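Coordinate analysis (summary)
Below, each chain spelled out in residue letters.
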Amino acid sequence: MPMEYHQQAQTVFTKAMNPLDTPGKNSFLSDLTTSEKVSPDKPITAGFYRQEAGEQLVYTYTYEEIKIIVEGEFHISDGKTSAIGLPGDVFRFEAGDTITFSSPTYGLGFFCGQKAFGHV
């Protein structure tokens with residue numbers, strides 16, 4: 001299988017993100033690529049997540065994920081530990097973790113998770 005390349009994905013792809021079905025319509029997530037065709041039992045999927053100011057997003061993970069903050073600022077909490085995520089910061093979430101995401105302005109993260117393409 002040849003290499004996959006997404007030129008300028010951070011700027012081009014993220015402009016077309018649709019909001020998640022959340023009360024504030026200020027959380028956006030779009031999968032960019034997946035290994036599902038070559039590893040259907042344990043796919044790895046990567047994409048972008050954007051949180052804008054307003055309603056916080058409370059999300060319970062059903063898969064493992066690693067996220068790097070690429071723009072803006074995230075406020076992230078698991079109910080025990082809280083952090084302000086800034087560009088370059090990396091977070092790891094495990095299946096079963098319930099995480100609260102918010103931002104005073106906006107934040108953009110790139111994620112890689114062990115999940116099927118399109119699974120929210």
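Anything mentioned here points back to the structure above.
I will try to describe carefully the structure that is included in this document.

Criteria and cut-off values
Residues numbered from 1 in each chain as written. Predicted model: local features only at pLDDT ≥ 70, side-chain atom pairs only at ≥ 80, totals over all residues. Heavy atoms only, no water. Helix = DSSP H or I, 4+ residues; strand = E, 2+ residues; numbered from the N terminus. Rg over C-alpha atoms; globule rule 2.2 N^0.38 Å. Buried < 20%, exposed > 50% of the residue type's maximum accessible area, 1.4 Å probe, protein only. Areas by Shrake-Rupley, 256 points an atom, 1.4 Å probe, with all protein chains shown as cover. Lys, Arg positive; Asp, Glu negative; His and termini not counted. Charge placed at Lys NZ, Arg CZ, Asp CG, Glu CD. Pairing = 2+ DSSP bridges. Axes fitted to C-alpha atoms, helices over the stretch in contact; angles between N-to-C directions. 1 Å grid on protein atoms, 1.4 Å probe; cavity = no way out; pocket = protein on both sides within 12 Å on 5 of 7 lines; lining within 4 Å. Points joined across faces, edges and corners; volume = space filled by probe spheres on them. Nonpolar A, V, L, I, M, F, W, Y, C, P; charged D, E, K, R; others polar.

Notes on the overall build of the protein chain
Summing up its helical and strand segments, the protein chain has one helix and nine strands in all. Helices and strands in the protein chain line up, N terminus first, as α-β-β-β-β-β-β-β-β-β. The C-alpha atoms of the protein chain give a radius of gyration of 14 Å, which matches the 14 Å a tight globule of 120 residues would have. Residues classed as buried in the protein chain amount to 36% of the 120 residues present. For the protein chain, the exposed surface amounts to about 7,100 Å²; the carbon and sulfur share of it is 55%. Put simply, the protein chain has 9 plus and 15 minus side-chain charges, and the middle of one group is 3 Å from the middle of the other.

Here we look at the sheet that holds strand β5 (residues 74-77)
Read across the sheet, four strands follow the order β3-β8-β5-β6 without closing on themselves; strand pairing throughout is antiparallel. Unpaired on one side and paired on the other, β3 (57-60) and β6 (82-85) mark the two borders of the sheet. For this sheet the average axis-to-axis angle between neighbouring strands, irrespective of direction, equals 20°.

Quick notes on empty space enclosed by the protein
Per the stated rule, a full pass over the model turns up one cavity of 30 Å³ or more. In this structure, the largest cavity encloses a volume near 110 Å³. Taken together, L20, L29, Y49, L57, Y59, Y61, Y63, E65, K67, F101 and V120 make up the lining of the largest cavity. Among the elements of the structure, β3 and β4 (65-72) are those that each provide at least two residues to the lining of the largest cavity. When grouped by side-chain class, the residues that make up the lining of the largest cavity number nine nonpolar, no polar and two charged.

Here's the deal with the sheet that holds strand β9 (residues 106-113)
If you trace the five strands from one edge of the open sheet to the other, you get β1-β2-β9-β4-β7, paired in antiparallel fashion. The outermost strands of the open sheet, each flanked by one partner alone, are β1 (27-34) and β7 (90-93). Strand-to-strand twist of the sheet, defined as the mean angle between neighbouring strand axes without regard to direction, takes the value 25°. Where strand β2 (residues 45-52) meets β9, eight bridges bridge the pair, whose relative direction is antiparallel. When the bridges of β9 are listed, R50 appears paired with L108.

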